[in-house]
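An overview of the molecular structure
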Amino acid sequence: ININLALLKKQWLSITVFAMFGTTLATMVVAGATYYAIGLPFMCAMLFGAIISPTDPISVLAIFRDLGTDAELSNLIEAESLFNDGIAVVLFILISGVVAGQAVTLTNGLFTFVTSIGGGLFLGLAIGGIASRITHEYDDHLLEIMLTTVVAFGSYLAAEHFHFSGVFAVVAASLVVGNYGMTKGMNSFSKMAVLNFWEYTAFAVNSVVFLLVGLEEAYITSGLTFRLVLIAIGAVLLGRIISVYGLGAILSAVGKKVPPAWRYVQVWSGLRGALSMALVLGLDSALPYRSLLINMTFAVVLFSLVVQGLTIKPLLQRLGLFTSQTG
């Protein structure tokens, strides 16, 4: 809801490449590394790759705002995260189907992938457009908060009903509401009320997810070792490095150059968070490697939040990628 549509249009190619192909490439690299280094069954390794591939740079973006980092760099990282969530969920669903024994061929898998994303985007744009038009008809912050809630849950449920991506439907709907409904149909007080409501909601939901992880961990004994933790973290970092630098080189070749300093930040700001934890907790309890995947995911998330999250500010300062410093 906070994404700047003008910057999104300007950077659409880079964002699309990093979100769609970068997430898929990272999933495959992580899967290959854990398959060979740990000995996970290949489809379980692919499942782990899909679970851990979406980035969650919320804390990083707060640091960007504090330091006054370049708006285009901030938008690139935020928008990539926004869309790679949807890509990762679609991959997770497809791979979970294969693990569960469903007959999934390359052709129907690609068809499902494309229709799921395209259908979700189309449905979300339509619902967001209707909601944005409704905001013109009244001026009440409580009703407008209620409307955005209906848009978020309604677009997700509608997309799932038609077997489209609910995540992409919500993303598209919120982009329209944030850039048109809120700017054209809400006064400043209503905008602040809506943004504060969703900021609190995001905080509450993230907290619940991590509490659920804690409850789950209390009953898990998976034999996770320091070696497995290092392999999992190394595989995720390797996947991120290959996707950022490999795809960055391709973008540079077609005239969409990503500055070298930005690539360092893209790699290190690729934190993992609540979505990865929510996906892994949603695995079937009968899956043989479920406990191991939960603990590996938790280890990667913990490393990214603590180590990467606490060192991103010194990295930005060392690279000189800020305009001002307020703290």
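Note: the structure precedes this text.
Residues numbered from 1 in each chain as written. Predicted model: local features only at pLDDT ≥ 70, side-chain atom pairs only at ≥ 80, totals over all residues. Heavy atoms only, no water.

1. Overview of the overall build of the protein chain
The helix and strand tally for the protein chain stands at 13 helices and 0 strands. Relative to a compact globule of 327 residues, whose C-alpha radius of gyration would be 20 Å, the protein chain shows 20 Å and is just as compact. The buried share among the 327 residues of the protein chain stands at 47%. Look at the contacts in the protein chain between residues 6 or more apart in sequence, and 81% of them connect residues 24 or more apart. Counting every atom, the protein chain has about 15700 Å² of accessible surface; 70% of that belongs to carbon and sulfur. The centroid of the 15 positive side-chain charges in the protein chain is displaced by 12 Å from the centroid of its 16 negative side-chain charges. (Helix = DSSP H or I, 4+ residues; strand = E, 2+ residues; numbered from the N terminus. Rg over C-alpha atoms; globule rule 2.2 N^0.38 Å. Buried < 20%, exposed > 50% of the residue type's maximum accessible area, 1.4 Å probe, protein only. Contact = heavy atoms within 4.5 Å. Areas by Shrake-Rupley, 256 points an atom, 1.4 Å probe, with all protein chains shown as cover. Lys, Arg positive; Asp, Glu negative; His and termini not counted. Charge placed at Lys NZ, Arg CZ, Asp CG, Glu CD.)

2. Let's talk about the pattern of salt bridges
Under the counting rule described, the total for this entry stands at 4 salt bridges. For Lys10, the salt bridge is made with Glu72, and the minimal N-O distance between the two is 2.5 Å. Note that Lys10 is positioned in helix H1 (residues 5-10) and Glu72 in helix H5 (residues 71-99), a separation of 62 residues in sequence. With a shortest N-O distance of 2.8 Å, Arg133 and Glu137 are connected by a salt bridge. (Salt bridge = Lys/Arg side-chain N within 4 Å of Asp/Glu carboxyl O.)

3. Some remarks on the environment of Ala193
Counting through the fold element by element, Ala193 comes out in helix H9 (residues 188-217). By relative accessible area, which is 16% here, Ala193 ends up buried. Not counting residues up to four positions away in its chain, the partners in contact with Ala193 are His141 and Ile145.

4. Concerning the packing of aromatic side chains
All told, the structure shown has 5 aromatic pairs when counted by the stated rule. Judged by centre distance (6.1 Å) and plane angle (35°), the ring pair of Phe83 and Phe168 falls under tilted. One end of the pair, Phe83, is in helix H5; the other, Phe168, is in helix H8 (residues 166-185), with 85 residues separating them in the sequence. Take Phe83 and Phe168: they sit in the same class, and that class is buried. (Phe/Tyr/Trp six-rings, centres within 6.5 Å; stacked < 30°, edge-to-face > 60°.)

5. Section: unusual backbone geometry
Phi angles above zero are rare outside glycine, and His163 is one such case at about 65°. In this structure, His163 sits in the loop between helix H7 (141-161) and H8.

6. Some details on helix H4 (residues 58-67)
Where H4 is concerned, the buried positions are Val60, Leu61, Ile63, Phe64 and Leu67. Buried positions in H4, seen along its axis, are confined to an arc of 155° and lie on one side of it. Among the exposed residues of H4, those oriented more than 90 degrees off its buried face are Ile58 and Arg65. Contacts made by the buried residues of H4 are with H5, helix H11 (260-268) and helix H13 (290-319). Backbone geometry just downstream of H4 places Gly68 in the positive-phi region, at approximately 70°. (Arc of directions from axis to C-beta.)

7. Points about the packing of H11 against H13
H13 packs onto H11 with a crossing angle of 165° between their chain directions and a minimal axis gap of 9 Å. Considering the angle they form, H11 stands roughly antiparallel to H13. Considering the relative orientation of H11 and H13, their crossing is left-handed. Across from Ala261, Tyr264, Val265, Val267 and Trp268 in H11, the residues of H13 making contact are Phe303, Val307, Gln308, Thr311, Ile312, Leu315, Leu316 and Leu319. Among the residues forming the contact of H11 with H13, the class breakdown is 11 nonpolar, 2 polar and no charged. (Axes fitted to C-alpha atoms, helices over the stretch in contact; angles between N-to-C directions. Parallel < 35°, antiparallel > 145°, perpendicular 65-115°, else oblique. Left-handed = near helix turned anticlockwise from the far one by under 90°. Nonpolar A, V, L, I, M, F, W, Y, C, P; charged D, E, K, R; others polar.)

8. Brief notes about H7
Helix length check: H7 (21 residues) gives 30 Å between terminal C-alpha atoms against 30 Å at 1.5 Å per residue, within 8%. Of the residues flanking the start of H7, the one acting as N-cap is Asp140, its side-chain oxygen 2.9 Å from the backbone nitrogen of Leu142. Looking one or two residues beyond H7, the residue adopting positive phi is His163, at roughly 65°. (Expected span 1.5 Å × (residues − 1). Polar contact = N/O pair within 3.5 Å; in protein donor to acceptor, adjacent residues only side chain to side chain.)

9. Focus on the environment of Leu287
Topologically, Leu287 is positioned in the loop between helix H12 (274-281) and H13. Sequence separation between Leu287 and Glu199 is 88 residues, and the spatial gap between their C-alpha atoms is 35 Å. Setting aside chain neighbours within four positions, we find Leu287 in contact with Leu47, Val99 and Leu293.

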